[in-house]
Amino acid sequence: MSKPEHRYLPEADGWVPAARRVPSPNFDERPAGMPVDLVVLHNISLPPGQFGSGDIEAFFQNRLDPNKHPYFATIHQVQVSAHFLVTREGELVQFVPCTQRAWHAGQSDFFGRARCNDFSIGIEIEGCDDLPFTLAQYDTVAALVPALLAAYPVRAIAGHSDIAPGRKTDPGPHFDWARFARQAGVAPGMLPYQCPGAAGQVTNP
Ligand SMILES: [Zn+2]
């Protein structure tokens, strides 16, 4: 694992100094004593396929304008969040402290463990299933993840599509897991869905 940059390390309250804070009300307590042992990678764009509108932040703060785009009228009352967003420019935004439960995974299953929100940290990467991510985004995700691994007993990193197959497709076919792993310095065993034969650290409880 790469040695994390200090400013990416979460403080005791779960906030990361390197991140711009945009607090979301969409979170609650993790179950008592629940270790944070999974990182989930997502993609998101609002409106779909468009970048830089500020609407992701609005969505996670329950202030999406239903009249701005037809799609927004269908989702503006949905209360969701993630801990982090990495913009196309590589800016890190944080909505929920890592110590709390963000609402990013929905119905999900990690090797037989349901409700992945209970024990995971969610990172949204601004993007879609049809376009490559930016190099700046890989840089930021690769800086953040080693810091999360240093701060919490994370055992694995998964895509949303891995833990909600058939329901979710993100981070999608353009997310380069090999590049991410190389840049972040994470071992193959940390990517049980990408390297099934190497998943020595993941057991089915
Ligand atoms: Zn997702």
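Numbers given for residues are sequential positions, taken from 1 along each chain in its written order. Reporting of local features is limited, given that this is a predicted model, to residues whose pLDDT is at least 70; pairs of side-chain atoms are given and counted only at 80 or more, and all residues count toward the totals for whole chains, interfaces and linings.

### Remarks on the sheet that holds strand 10 (residues 156–159)
Backbone hydrogen bonds hold the strands of a sheet together, and the pairing may be parallel or antiparallel.
For step 1, the next point in the chain: With respect to topology, six strands assemble into an open sheet ordered 1-5-4-9-3-10, the strand pairing being mixed. Strands at the two margins of the open sheet, each flanked by one partner only, are strand 1 (20–21) and strand 10.
For step 2, the next point in the chain: Sheet topology note: the strand 1/strand 5 (residues 92–94) ladder contains two bridges and is parallel. Counterpart to R21 in the pairing with strand 5 is Q94.
For step 3, the next point in the chain: Against the sheet, helix 3 (residues 135–151) touches strand 3 (38–44), strand 4 (84–86), strand 5, strand 9 (120–126) and strand 10, its axis set at about 170° to strand 9. What makes two strands pair is DSSP finding at least two bridges between them. Secondary structure follows DSSP: runs of H or I at least 4 residues long count as helices, runs of E at least 2 residues long count as strands, and numbering of each begins at the N terminus. Here, residue contact means that the backbone-derived C-beta atoms of the two residues sit within 7 Å. For helices, the fitted axis covers only the stretch in contact; all axes are lines through C-alpha atoms, and the angles between them, taken along N-to-C directions, range from 0 to 180 degrees.

### Side note on the environment of C128
For step 1, the next point in the chain: Along the chain, C128 turns up in the loop between strand 9 and helix 3.
For step 2, the next point in the chain: Residues within four places of C128 in sequence aside, it is in contact with N43, S45, P48, G49 and G172.

### Let's talk about the packing of helix 3 against helix 5 (residues 177–184)
When two helices pack together, their arrangement is given by the angle between the helix axes and the distance between those axes.
For step 1, the next point in the chain: At a minimum axis distance of 9 Å, the contact between helix 3 and helix 5 shows a crossing angle of 55°. When the interaxial angle is binned, helix 3 and helix 5 end up oblique. In the packing of helix 3 onto helix 5, the handedness of the crossing is right-handed. Residue-level contacts link Y138, V141, A142, V145 and P146 of helix 3 to R179, F180, Q183 and A184 of helix 5.
For step 2, the next point in the chain: Charged residues are taken to be Asp, Glu, Lys and Arg, nonpolar residues to be Ala, Val, Leu, Ile, Met, Phe, Trp, Tyr, Cys and Pro, and polar residues to be all remaining types, Gly included. The residue makeup of the contact of helix 3 with helix 5, split by class, is seven nonpolar, one polar and one charged. Should an angle fall under 35 degrees it is taken as roughly parallel, and over 145 as roughly antiparallel, whereas 65 to 115 is taken as roughly perpendicular and any remaining angle as oblique. Left-handed is the label given to a crossing in which the near helix is rotated counterclockwise from the far helix by less than a right angle, and right-handed is the label when the rotation is clockwise.

### Some words on unusual backbone geometry
For step 1, the next point in the chain: The step from L46 to P47 runs through a cis peptide bond, and the omega angle for that step is -15°.
For step 2, the next point in the chain: Omega for the bond connecting D170 with P171 falls within 30 degrees of zero, at 10°, which places this linkage in the cis form.
For step 3, the next point in the chain: Even without a glycine there, the phi angle at R115 is positive, about 50°.
For step 4, the next point in the chain: Topologically, R115 is positioned in the loop between strand 8 (113–114) and strand 9.
For step 5, the next point in the chain: Exposure remark for R115: the 16 C-beta atoms within 10 Å place this residue in the partly exposed category. With C-beta atoms placed from the backbone, the exposure class of a residue follows from how many other C-beta atoms lie within 10 Å of its own: 20 or more, buried; 12 or fewer, exposed; in between, partly exposed.

### Thoughts on the UniProt feature "domain: N-acetylmuramoyl-L-alanine amidase" (unreviewed entry) in the protein
For step 1, the next point in the chain: UniProt positions are given in the numbering used here, feature names are shortened, and annotations may be inferred rather than shown by experiment. According to UniProt, the "domain: N-acetylmuramoyl-L-alanine amidase" (unreviewed entry) feature falls on residues 24–172.
For step 2, the next point in the chain: The span residues 24–172 shows a helical share of 22% and a strand share of 23%, and its end C-alpha atoms are spaced 25 Å apart.

### Thoughts on the pairing of strand 9
For step 1, the next point in the chain: With respect to burial, strand 9 is a largely interior element, seven of its seven residues being buried.
For step 2, the next point in the chain: Side chains S120, G122, E124 and E126 of strand 9 all project onto a buried face; the interleaved residues I121, I123 and I125 project onto the opposite face, where all are buried too.
For step 3, the next point in the chain: Pairing geometry for strand 3 and strand 9, over seven bridges, is parallel. Bridging from a neighbouring strand, I44 pairs with E126 of strand 9.

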